[in-house]
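Here's the letter readout for the chains.
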Amino acid sequence: MATRVDSRKCLMGPEPPGHADRPPAPGPTDPGPPSPPVTPACAGLAGNLEWLDKNKTSFLIMWRRPEEWGKLIYQWVSKNGLTNSVFTLYELASGDDTENEEFHGLDETMLLRALQALQQEHKAEIITLDDGRGVKFF
């Protein structure tokens, strides 16, 4: 699961000393100062934080990184002797067989990223099926 967050909520901190008379907010032609570092309140999220734009104005906070989801999915596949099996994305995220798994209900975007991570490790291959996408596990 992932949550979109306005970066100002985690990036705004107390005013640095001597900045009480800070100039007005930057205009469209003034990029302003560089983005401040993540505040201590959000520092623990840094490993699961992904910037969505180059100006670092919004980011995605992930419960788990795609690689971690991929690991959980592959553990389930291995534990249940399902290597060399093909699944649709729906079966993995919403099927009865995965109902008690942590990745059950994972949105398709994050599921695909998790499967891409497994594909890079040569543990899976994302395939195109007649009715959508699927994955074969190795």
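K.L.:
Got a minute to help me understand helix α5 (residues 108-120) in this structure?
P.N.:
Each α-helix turn comprises 3.6 residues. Residues three or four places apart therefore point the same way. Between its terminal C-alpha atoms α5 stretches 18 Å, which fits the 18 Å expected from 13 residues at 1.5 Å a residue. Buried within α5 we find M110, L111, L112, A114, L115, A117 and L118.

K.L.:
Mind showing me how you'd approach the packing of aromatic side chains here?
P.N.:
Given two aromatic rings, their pairing is described by the distance between the two centres and the angle made by the two planes. Counting across every chain of the model gives 5 aromatic pairs. With a centroid separation of 5.9 Å and an interplanar angle of 65°, the aromatic rings of F87 and F137 are classed as edge-to-face. With a gap of 50 residues between them, F87 in strand β4 (residues 86-88) and F137 in strand β6 (residues 132-137) connect regions that are remote in the sequence. The exposure class of F87 is buried, given its relative accessible area of 11%. According to the relative accessible area criterion, F137 is buried, its value standing at 0%. Put simply, the rings of Y74, W76, F87, F103 and F137 pair up and form one aromatic cluster. For R64, the ring lying beneath its charged end belongs to W69, and the centroid distance is 5.1 Å.

K.L.:
What should I look at first to understand the sheet that holds β6 in this one?
P.N.:
Consider a sheet: its strands pair through backbone hydrogen bonds, and that pairing is either parallel or antiparallel. Strands sit in the order β4-β6-β5 across an open sheet of 3 strands; the sheet is antiparallel. Two strands lie at the open edges of the sheet, namely β4 and β5 (124-129), each paired on one side alone. Taking each pair of neighbouring strands and ignoring which way they run, the sheet shows an average axis angle of 30°. Contacting β5 and β6, α5 crosses the sheet at an angle of about 130° to β5.

Rules used in this analysis
Residues numbered from 1 in each chain as written. Predicted model: local features only at pLDDT ≥ 70, side-chain atom pairs only at ≥ 80, totals over all residues. Heavy atoms only, no water. Helix = DSSP H or I, 4+ residues; strand = E, 2+ residues; numbered from the N terminus. Expected span 1.5 Å × (residues − 1). Buried < 20%, exposed > 50% of the residue type's maximum accessible area, 1.4 Å probe, protein only. Phe/Tyr/Trp six-rings, centres within 6.5 Å; stacked < 30°, edge-to-face > 60°. Lys NZ or Arg CZ within 6 Å of the ring centre and 35° of its normal. Pairing = 2+ DSSP bridges. Axes fitted to C-alpha atoms, helices over the stretch in contact; angles between N-to-C directions. Contact = heavy atoms within 4.5 Å.

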